[in-house]
Amino acid sequence: MPTPARLLPVACLALFTLAACAEAPDSDSEGEASQAPASESNAASDSTAQLDYSLPPEDFTADPEAGRSLFRTNCMQCHGEEARGTDQGPPLIHRIYEPSHHPDITFHRAVALGVHQHHWEFGEMPPVAGVSGEDTAHIIAWIRQEQRAVGID
């Protein structure tokens with residue numbers, strides 16, 4: 001029987017898949033998938049979900065320093081140099097993003113699929129093209145390190 005530690009990545013992948021399926025268009029009365037307008041198909045109208053995005057392997061070790069660099073290249077414009085937020089995006093070093101409320105899989109989903117506005121008034125977050133699951137894991141490691149440094153666990 002698999003141990004709980006070995007089931008966690010499988011459970012996360014299942015949640016990721018279910019969340020992605022929740023974004024799929026409904027079927028119409030004739031049994032064919034209805035087409036949502038391009039502007040409603042994902043979180044941002046001018047970008048598309050990363051269909052080739054995959055979570056890192058179970059034995060992957062994320063590096064917070066690599067995450068800091070990747071964050072600055074891919075996330076800083078909206079979330080600020082130290083993830084403290086800007087007028088374009090929320091702070092990620094904030095209690096709302098603590099692991100018990102926004103687990104790591106939530107960040108993976110945001111990068112791959114984008115996010116509909118829900119906690120803040122910044123608008124929709126588009127998917128982040130060119131950022132892999134491993135890149136995201138590095139970024140998450142840095143964010144979690146910074147959160148712990150200010151008492152967010």
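The text that follows walks through the structure, step by step, so that each part is easy to find. Because the structure is predicted, anything quoted here is derived from the model rather than measured.

Considerations on the pattern of salt bridges
Reasoning step 1: Enumeration over the complete set of coordinates arrives at seven salt bridges.
Reasoning step 2: Note that R68 is salt-bridged to E82, the shortest N-O span being 3.5 Å. Of this pair, R68 sits in helix 2 (residues 64-74) while E82 sits in the loop between helix 3 (76-79) and helix 4 (104-113), placing them 14 residues apart in sequence.
Reasoning step 3: For E82, a relative accessible area of 28% gives the class partly exposed.
Reasoning step 4: Salt bridges sharing partners connect three or more residues here, namely E65, R68, R72, E81, E82 and E146.

Some words on the packing of helix 2 against helix 5 (residues 133-149)
Reasoning step 1: Axis separation between helix 2 and helix 5 bottoms out at 7 Å; the angle between their running directions is 105°. Taken as axis vectors, helix 2 and helix 5 run roughly perpendicular relative to one another. Counted together, P64, E65, A66, G67, R68, L70 and F71 of helix 2 and D135, H138, I139, A141, W142, Q145 and E146 of helix 5 form the full contact between these two elements.
Reasoning step 2: A per-class count over the contact of helix 2 with helix 5 returns seven nonpolar, three polar and four charged.

What counts, and where the lines are drawn
Residues numbered from 1 in each chain as written. Predicted model: local features only at pLDDT ≥ 70, side-chain atom pairs only at ≥ 80, totals over all residues. Heavy atoms only, no water. Salt bridge = Lys/Arg side-chain N within 4 Å of Asp/Glu carboxyl O. Helix = DSSP H or I, 4+ residues; strand = E, 2+ residues; numbered from the N terminus. Buried < 20%, exposed > 50% of the residue type's maximum accessible area, 1.4 Å probe, protein only. Axes fitted to C-alpha atoms, helices over the stretch in contact; angles between N-to-C directions. Parallel < 35°, antiparallel > 145°, perpendicular 65-115°, else oblique. Contact = heavy atoms within 4.5 Å. Nonpolar A, V, L, I, M, F, W, Y, C, P; charged D, E, K, R; others polar.

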